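Structural overview for review
Read off the chains here:
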Amino acid sequence: RKKTTIGWDLLVQWKDGSTNWVELKDMKQSYPVQVAEYAYTNKLQEEPAFAWWVDFVLRKKAQISKAKSKYWQTTHKDSYFSS
């Protein structure tokens, strides 16, 4: 399978209600678990842009979530207490 996300943009609705189109590569980088779950729910996991990484992300979902939250806590503490 060819590893590409070219040509895919996702319409994202943010918490404040605003929406905008974001490239799949950027969403995959920032929100991998949410994008993989979206692809699986909407039966996009067989599309070439999703097929090569969705299954991997869903299998590793717990590890990815822990790593991202741990990173956020570390950087947040450092910046808060350094001032």
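See the structure shown above.
Starting from 1, residues in each chain are numbered consecutively following that chain's sequence as written. Per-residue local features are limited, in this predicted model, to residues with pLDDT of at least 70; the limit for side-chain atom pairs, both in listing and counting, is 80 or more; totals at the level of whole chains, interfaces and linings are taken over all residues. To obtain the side-chain values, all non-hydrogen atoms of the structure were included, while hydrogens and water were left out.

Regarding the layout of surface pockets
This is how the line gets drawn: Here a cavity is any set of points on a 1 Å grid over the protein atoms alone where a 1.4 Å probe fits but cannot get out, and a pocket is any open set with protein on both sides within 12 Å along at least 5 of 7 lines; a residue lines the site when it has an atom within 4 Å of a point. Grid points are joined across faces, edges and corners, and a volume is the space filled by probe spheres set on the points. What counts as a helix is a DSSP run of H or I of at least four residues, what counts as a strand is a run of E of at least two, and both are numbered from the N terminus. When residues are grouped by polarity, Ala, Val, Leu, Ile, Met, Phe, Trp, Tyr, Cys and Pro land in nonpolar, Asp, Glu, Lys and Arg in charged, and all others, Gly among them, in polar.
Volume-wise, the largest pocket comes out at about 240 Å³. As for the largest pocket, its lining consists of L10, L11, V12, Q13, W14, K15, M27, Y31, Q34, V35 and Y38. Mapped onto the lining of the largest pocket, the elements with two or more residues apiece are β1 (9-13) and α2 (32-41). Here the lining of the largest pocket gets four residues from one element, more than from any other, and that element is β1. For the lining of the largest pocket, the residue count by class is eight nonpolar, two polar and one charged.

Regarding the packing of aromatic side chains
Stated precisely, the cut-off is as follows: Stacked, edge-to-face and tilted labels apply to pairs of Phe, Tyr and Trp rings (six-membered ring for Trp) whose centres lie within 6.5 Å, assigned for plane angles under 30 degrees, over 60, and everything in between, in that order. A simple rule labels every residue: compare its accessible area, found with a 1.4 Å probe on the protein chains alone, to the largest value its type can have, and call it buried under 20%, exposed over 50%, or partly exposed in between.
Counted according to the given criterion, the structure contains three aromatic pairs. Judged by centre distance (4.9 Å) and plane angle (85 degrees), the rings of W8 and F50 are edge-to-face. Here F50 lies in helix α3 (residues 48-51) and W8 lies in the segment before β1, a separation of 42 residues in the sequence. Looking at F50, the relative accessible area reads 0%, which means it is buried.

Quick notes on the environment of P48
Secondary-structure assignment places P48 in helix α3. P48 gets classed as exposed once you look at its relative accessible area, which sits at 52%.

A few points about the nonpolar core
Counted only if it meets this: Residues belong to one nonpolar core when they are buried, are Ala, Val, Leu, Ile, Met, Phe, Trp, Tyr or Cys, and are joined through side-chain atoms within 4.5 Å.
L10, L24, M27, V35, F50, W53 and V54 are the most contacted members of the largest nonpolar core, which totals 15 residues. Within the residue set of this core, elements represented by two or more residues are β1, α1 (24-30), α2, α3 and α4 (54-59). Looking at which element gives the most residues to this core, the answer is α2, with four residues.

Here's the deal with the pattern of salt bridges
As a reminder of what qualifies: Whenever a carboxyl oxygen of Asp or Glu lies within 4 Å of a side-chain nitrogen of Lys or Arg, that contact is scored as a salt bridge.
A complete count under the given rule lists one salt bridge for this structure. Residue K25 is joined to E23 by a salt bridge in which the shortest nitrogen-to-oxygen separation is 3.9 Å.

Topic: the pairing of β1
Within a regular strand, side chains alternate between the sheet's two faces. The cut-off we apply is this: By the convention used here, strands pair only if DSSP detects at least 2 bridges between them.
Burial of β1 is one-sided: the residues L10 and V12 facing one way are buried, the residues D9, L11 and Q13 facing the other way are not. As paired strands, β1 and strand β2 (residues 19-23) are joined by five bridges and run antiparallel to one another. Its bridge partner being in β2, L11 is matched across the sheet by W21. Two successive antiparallel strands, β1 and β2, enclose a turn made up of five residues, where G17 displays a positive phi of approximately 95 degrees.

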